[in-house]
Amino acid sequence: MAIAYRREIDGLRAISVLAVLFNHAKFPYFHGGFVGVDVFFVISGFLITSILYRDVLNGSYSVLNFYEARARRILPSLCFVLFFSLIIAFFLLEPDRMLEFVNSIIFVMLFIANVFFYEKGDYFGFDSGERPMLHTWSLGVEEQFYIVFPILVYFLVKYRPRLFVPCLVIGFFVSLGLAEWLVRSHPAATFYMPITRAWELLAGALAAVYVTRVGLPKPNDWIAFLGLCAIAAAVIFFDEHTPNPSLLTLLPVGGATLVILFGAEGSIASRVLGIRPMVWVGLISYSAYLWHQPIFAFYRLSSSVAVSEFDYVVLLLLVFFLSHLTWKYVETPFRKLRKGAKSNASAHIELRQKQVFLISTFAVSAIIAVAGFVRLTNGLPQRYLTETNALAGKIEISPYRETCHFSSLRTWSPEKVCSYFDEKATWAVWGDSHVVELSYALAEQLREKGEGVKQYSFSQCYPSLNYDSRSDHDCVRWNNRAIEDIMGNFDLQNVVVGYRYGLYFFGSLKGRPLSLPDEQPDIIVPGGISPREALWQDFARTISLLAQKKRRVFVMLPIPEIRSDIRNLIYKEVNSDLIESKDRKFYFSYMHSYGLLGSSYSYYKERNEFVLKKFRETVWPSNVVLFDPTSSFCDRQTCWAIRNGVPMYFDSNHPSLDAARTLAEKLIAIPPTGN
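The rules behind the values
Residues numbered from 1 in each chain as written. Predicted model: local features only at pLDDT ≥ 70, side-chain atom pairs only at ≥ 80, totals over all residues. Heavy atoms only, no water. Phe/Tyr/Trp six-rings, centres within 6.5 Å; stacked < 30°, edge-to-face > 60°. Helix = DSSP H or I, 4+ residues; strand = E, 2+ residues; numbered from the N terminus. Buried < 20%, exposed > 50% of the residue type's maximum accessible area, 1.4 Å probe, protein only. Lys NZ or Arg CZ within 6 Å of the ring centre and 35° of its normal. Contact = heavy atoms within 4.5 Å. Polar contact = N/O pair within 3.5 Å; in protein donor to acceptor, adjacent residues only side chain to side chain. Pairing = 2+ DSSP bridges. Right-handed = clockwise from strand over helix to strand, strands pointing away. Disulfide = S-S within 2.5 Å. Axes fitted to C-alpha atoms, helices over the stretch in contact; angles between N-to-C directions. Parallel < 35°, antiparallel > 145°, perpendicular 65-115°, else oblique. Nonpolar A, V, L, I, M, F, W, Y, C, P; charged D, E, K, R; others polar. Expected span 1.5 Å × (residues − 1). Arc of directions from axis to C-beta. Left-handed = near helix turned anticlockwise from the far one by under 90°.

### Remarks on the packing of aromatic side chains
- This model, assessed by the stated rule, comprises 58 aromatic pairs.
- Where phenylalanine 40 meets tyrosine 289, the ring centres are 5.9 Å apart and the plane angle is 65°; that geometry is what we call edge-to-face. Taken together, the residues span a long stretch of sequence, with phenylalanine 40 in helix H2 (residues 36-58) and tyrosine 289 in helix H14 (residues 285-302) at a distance of 249 residues. Just as phenylalanine 40 is buried, tyrosine 289 falls in that class too.
- Members of the aromatic cluster, joined through ring pairs, are Trp430, Tyr462, Tyr499, Tyr501, Tyr504, Phe505, Phe506, Trp536, Phe539, Phe610, Phe615 and Trp620.
- We note arginine 197 situated over the ring of phenylalanine 191; from NZ or CZ to the ring centre the distance is 4.6 Å.
- Between the NZ or CZ atom of arginine 383 and the centre of the ring of phenylalanine 90, over which it lies, the distance is 5.6 Å.

### Here we look at the environment of glutamate 573
- Residue position: glutamate 573 is located in helix H23 (residues 566-580).
- A sequence separation of 185 residues divides glutamate 573 from threonine 388, and the C-alpha atoms of the two residues are 9.9 Å apart.
- Aside from chain neighbours lying at most four places away, what touches glutamate 573 is Arg563, Asn568 and Leu596.
- Within the structure, glutamate 573 has its side chain in polar contact with the side chain of arginine 563 (distance 2.8 Å).

### Description of the sheet that holds strand S6 (residues 595-600)
- Strand order in the open sheet formed by three strands is S6-S8-S9, and the pairing between neighbours is antiparallel. For this open sheet the edge positions go to S6 and strand S9 (646-647), each flanked by a neighbour on one side alone.
- The sheet contact formed by strand S8 (residues 638-643) and S9 spans two bridges and is antiparallel. By the bridge assignment for S9, isoleucine 642 is matched with proline 647.

### What to know about the pairing of strand S2 (residues 425-431)
- Summarising burial for S2: seven of the seven residues are buried, a large majority.
- Where S2 meets strand S3 (residues 452-457), six bridges bridge the pair, whose relative direction is parallel. Within S3, the residue paired with tryptophan 427 across the bridge is valine 453.
- Taking the sense of rotation as the criterion, the β-α-β connection linking S2, helix H19 (residues 436-446) and S3 turns out right-handed.
- Across five bridges, S2 lies against strand S4 (residues 494-498) in parallel orientation. If you follow tryptophan 430 over to S4, its bridge partner there is valine 497.

### Focus on the state of the cysteines
- Taken as a whole, this structure holds three disulfides when the rule is applied.
- Disulfide pairing is shown between cysteine 404 and cysteine 418; the S-S distance is 1.9 Å. The chirality of the disulfide connecting cysteine 404 with cysteine 418 is left-handed, given an S-S dihedral of about -85°. Note that cysteine 404 is positioned in helix H18 (residues 401-404) and cysteine 418 in strand S1 (residues 418-420), a separation of 14 residues in sequence. Here cysteine 404 and cysteine 418 have matching classes, each one buried.

### Notes on the side chain of asparagine 479
- Mapped onto the elements, asparagine 479 comes out in helix H20 (residues 474-488).
- Assessed through its relative accessible area of 0%, asparagine 479 is described here as buried.
- Reaching out from asparagine 479, the side chain makes a polar contact with the backbone oxygen of serine 464 at a distance of 2.9 Å.
- Only 3.1 Å separates the side chain of asparagine 479 from the side chain of tryptophan 478, close enough to count as a polar contact.
- Setting aside anything within four residues of it in sequence, one finds asparagine 479 in contact with Trp430, Tyr462, Pro463, Ser464, Leu465 and Tyr499.

### Regarding the packing of helix H1 (residues 7-24) against H14
- Where H1 contacts H14, the two axes come as close as 10 Å, and the packing angle between them is 5°. It follows from the interaxial angle that H1 and H14 lie roughly parallel. On H14, the residues that touch Arg13, Val17, Val20, Leu21 and His24 of H1 are Ser285, Ala288, Tyr289, His292, Gln293, Phe296 and Arg300.
- For the contact of H1 with H14, a count of residues per class yields six nonpolar, four polar and two charged.

### Looking at helix H7 (residues 161-182)
- Here H7 contains 22 residues, and its C-alpha end-to-end distance of 32 Å stays within 8% of the 32 Å for a straight helix at 1.5 Å per residue.
- Among all positions in H7, only Phe164, Leu168, Phe172, Ser175, Leu176 and Ala179 are buried. Viewed end-on, H7 has its buried residues packed into an arc of 95°, placing them on one side of the element. Set apart from the buried face of H7 by more than 90 degrees, the exposed residues are Arg162, Ile170, Phe173 and Trp181.
- For H7, the elements touching its buried residues are H2, helix H6 (137-159), helix H8 (187-192), helix H9 (198-214) and helix H11 (250-262).

### Some details on unusual backbone geometry
- A cis geometry characterises the amide bond from asparagine 244 onward to proline 245, with omega recorded as 0°.
- Structurally, proline 245 can be placed in the loop between helix H10 (221-237) and H11.
- In this structure, lysine 26 is a non-glycine residue whose phi angle is positive, near 60°.
- Topologically, lysine 26 is positioned in the loop between H1 and H2.
- You can call lysine 26 partly exposed: its relative accessible area is 38%.
- In this structure, glutamine 460 is a non-glycine residue whose phi angle is positive, near 50°.
- Take glutamine 460: it is sitting in the loop between S3 and H20.
- Judged by relative accessible area, glutamine 460 falls into the partly exposed class, the value being 43%.

### Description of H23
- Taking 1.5 Å per residue as the helical rise, H23 with its 15 residues ought to reach 21 Å, and the 20 Å between its terminal C-alpha atoms agrees with that figure.
- Taken together, the buried positions of H23 are Ile566, Arg567, Asn568, Leu569, Ile570, Tyr571, Val574, Asn575 and Leu578.
- The N-cap residue of H23 is aspartate 565: its side-chain oxygen and the backbone nitrogen of arginine 567 are 2.8 Å apart.

### Quick look at the environment of serine 16
- Secondary-structure assignment places serine 16 in helix H1.
- On the accessibility criterion, serine 16 (1% relative accessible area) is buried.
- On a C-alpha basis, the gap between serine 16 and glutamate 130 in space is 22 Å, while along the polypeptide they are 114 residues apart.
- For serine 16, the residues in contact, after removing those within four places along its chain, are Gly36, Val39 and Phe40.

### Some words on the packing of H19 against helix H28 (residues 657-668)
- Their axes nearest at 8 Å, the elements H19 and H28 cross at an angle of 55°. When the axes of H19 and H28 are compared, the pair comes out oblique. Pair H19 / H28 crosses with right-handed handedness. For the pair formed by H19 and H28, the contact residues are Glu437, Leu438, Tyr440, Ala441, Leu442, Glu444, Gln445 and Leu446 on the first element and Leu657, Ala660, Arg661, Leu663, Ala664, Glu665, Leu667 and Ile668 on the second.
- For the contact of H19 with H28, the class distribution of residues is 11 nonpolar, one polar and four charged.

Below is the structure:
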């Protein structure tokens, strides 16, 4: 049974999709625009529950009809966008990215994209904007919820009607409680999993049950305005460090619920949200949501410079243009091609329903088959020259990166620390993901001396024993447990320390290559001192603490960051140069003698000016050795992405295994007398 159309709900859809789009376009004041998805969930829960509940009460409920409607709503536009995304990816994505992309497509088509991206890590990670299908995680959450929810509604309303509302309320609070409990210890799982998102859909569901039973409350301009203000406050003041979903997410979820209940026809909110431009954006919102991420991601991947605000404005115009066409010629026709009139024979109705399911199955299977074929070929490397593939094939990472590097305390304990290679460990390496390859390379070379290495590496943690990130409370516990383990092991007499200092002291580049962000560390510190200065002092104290107990402490200075992912440089720049080159042998001779530009040495010094100055000016204990890695990467003017024919990175900032071997060789060669 259809429910009465409300223009203001399309207007609310417009607010939610614009918040997401402007957030992903990195517009000012939209740092919390990701809460647009939370608003979407409330709207979805309200509309779907309104239909399901009334259908059960009226005796017209059919689970097949429900899934038919979902297929008509979700699949045509989704398949259309995926089809064109595959074509663009064929021309744009290098093999490794292509492989990840088609893997994500398979998960999208199975409606478990949230599981795929959970495995990939943080939604707000430095490379998240370069994943064309990242946004489809929310479709996975919705469809997983709607696998179970319609059946529960039917059985509860039909056979246990008194338990229906209590069950919704209990589900709401249990899901919200789990989200609040887990968001700090397991932020990625809390963000992506339906069990911690269900309460947002149930908020809309409870509003739908109230409206169905009692009717819409009398429009109230003040309450509806309060709801809009709550959504706006979340969009403006939330950011990537805000725990989400959590109790704080009640702000946009509660705001959306208030607008739905008290912003009906007759209210000022209804008149504002119901204006034609807002309704139009609301109508195309699903298509706009589908198109924006692949368009943004593909453009970022194709650009060798940071994407400007003007670029994003042009991209948004393209998004709206394609979304309107998709809504008009794909989405709307498939939704209107419904079953015949009620007088039609049931066989005719069943045939139409069968057609929907058959077409859906064929479309989904076809896209999975294409993605599967590309997966079997390892990303279609045949699209590139043999020499290009050979150069990219030289990029190596530690074979133990996945098993010996950690990002969560639930997967780490001192007993799980990797000790290379079953030898007596006399060296320890402590740091973030930038020391993983160095640990392995160091162990390779020390093995000949009968010495081993213990690797203590943890992703994206401030180098601090006392200051935790506002959004991640694992780091202080990890650092203290790691340092305690190192300090308590008498055999570990040499300690190597390495971090991506620019990230922690000044902030992420966030898709803006070779930019100079100036963000203070996201930590809570006492008054009278800046977070940056407090973090440095704590780090320096930790180095001095290690020096009291250990023979030598090697502190590696910053590793240069380069202008793009190394594979992107190889498959775009080198491959293009090779195609245009009249003498490929000469080209590779030049590459072996010199290399490929990564960044300028002046950028390296400017990006790391604060920490380099601190390292120089701090009076260190005599057994602290400052180890400068730039001699392996840079000359006086240039830091090389490829040097002497060898890729020095495996992305845009992590050293490759070959580069790490060079560093390890120089590190071991430092004489015992120190710096």
